[in-house]
Amino acid sequence: QQLRLPVRRARLRMERLTGAQQAQLNKAKTRLRIENEEYLRQHPEIQTLVSLFMKEVLHVQPDDVQAFASEYFTDPRRREEVMAAVGGVGFQMD
């Protein structure tokens, strides 16, 4: 027997963007994507840090991922680990 909870659906009125608004939005999205890609290219340690974290979280498979992430990213040894992985290139993690 399944418990059924009442479902309340909010009625949202969605307005469509004009052609000019859509073009402006697309331009802003493209500009943001380019800025993000440039930043990530300047900071290879970000990809390395995220990759090392994902590898560790999949290896350990903690029950509390948030607590694990908090401990992982505040470990003072992390800087040296990431620095060694990227070879110190473009590395600034202060």
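So what's going on with the pattern of salt bridges? Which residues, and what values?
Scanning the entire structure with this criterion turns up four salt bridges. Across the pair R78 and E81 runs a salt bridge whose closest N-O atoms are separated by 2.2 Å. Remark: E81 and R78 occur in helix α4 (residues 78–86); sequence separation between them is three residues, near one turn of the helix. What makes R78 buried here is its relative accessible area of 10%. Judged by its relative accessible area of 33%, E81 is partly exposed. Each of D75, R77, R78 and E81 takes part in one network of salt bridges that share partners.

Pulling in residues and values, what's your account of the nonpolar core?
Of all hydrophobic cores here, the largest spans seven residues; its members are L49, F53, V57, F68, A69, Y72 and V82. Where this core is concerned, the elements lending two or more residues are α2 (44–60) and α3 (65–74).

A description of a nonpolar patch on the surface should follow, citing residues and the corresponding values.
On the surface, V50, M54 and L58 cluster together into a nonpolar patch covering about 280 Å² of accessible area. Relative to the elements of secondary structure, V50 occurs in helix α2. Given the relative accessible area of 45%, V50 is considered partly exposed.

Any chance you could break down the packing of aromatic side chains for me, citing the residues and the numbers?
Counting across every chain of the model gives five aromatic pairs. When the ring of F53 is compared with that of F68, the centres are 6.2 Å apart and the planes differ by 35°; the resulting orientation is tilted. Here F53, found in helix α2, pairs with F68, found in helix α3; they are 15 residues apart in sequence, far enough to count as distant. Of the two residues examined, F53 and F68, each falls in the buried class. With centroids separated by 6.2 Å and ring planes inclined at 25°, the aromatic side chains of F68 and Y72 adopt a geometry described as stacked. Here F68 pairs with Y72, and both are found in helix α3, just four residues apart, close to one helical turn. Each member of the pair, F68 together with Y72, is buried.

What counts, and at which threshold
- Residues numbered from 1 in each chain as written.
- Predicted model: local features only at pLDDT ≥ 70, side-chain atom pairs only at ≥ 80, totals over all residues.
- Heavy atoms only, no water.
- Salt bridge = Lys/Arg side-chain N within 4 Å of Asp/Glu carboxyl O.
- Helix = DSSP H or I, 4+ residues; strand = E, 2+ residues; numbered from the N terminus.
- Buried < 20%, exposed > 50% of the residue type's maximum accessible area, 1.4 Å probe, protein only.
- Core = buried A, V, L, I, M, F, W, Y, C linked by side-chain atoms within 4.5 Å.
- Patch = residues over 30% accessible without salt bridge, like charges linked within 9 Å, V, L, I, M, F, W, Y side chains within 5 Å.
- Areas by Shrake-Rupley, 256 points an atom, 1.4 Å probe, with all protein chains shown as cover.
- Phe/Tyr/Trp six-rings, centres within 6.5 Å; stacked < 30°, edge-to-face > 60°.

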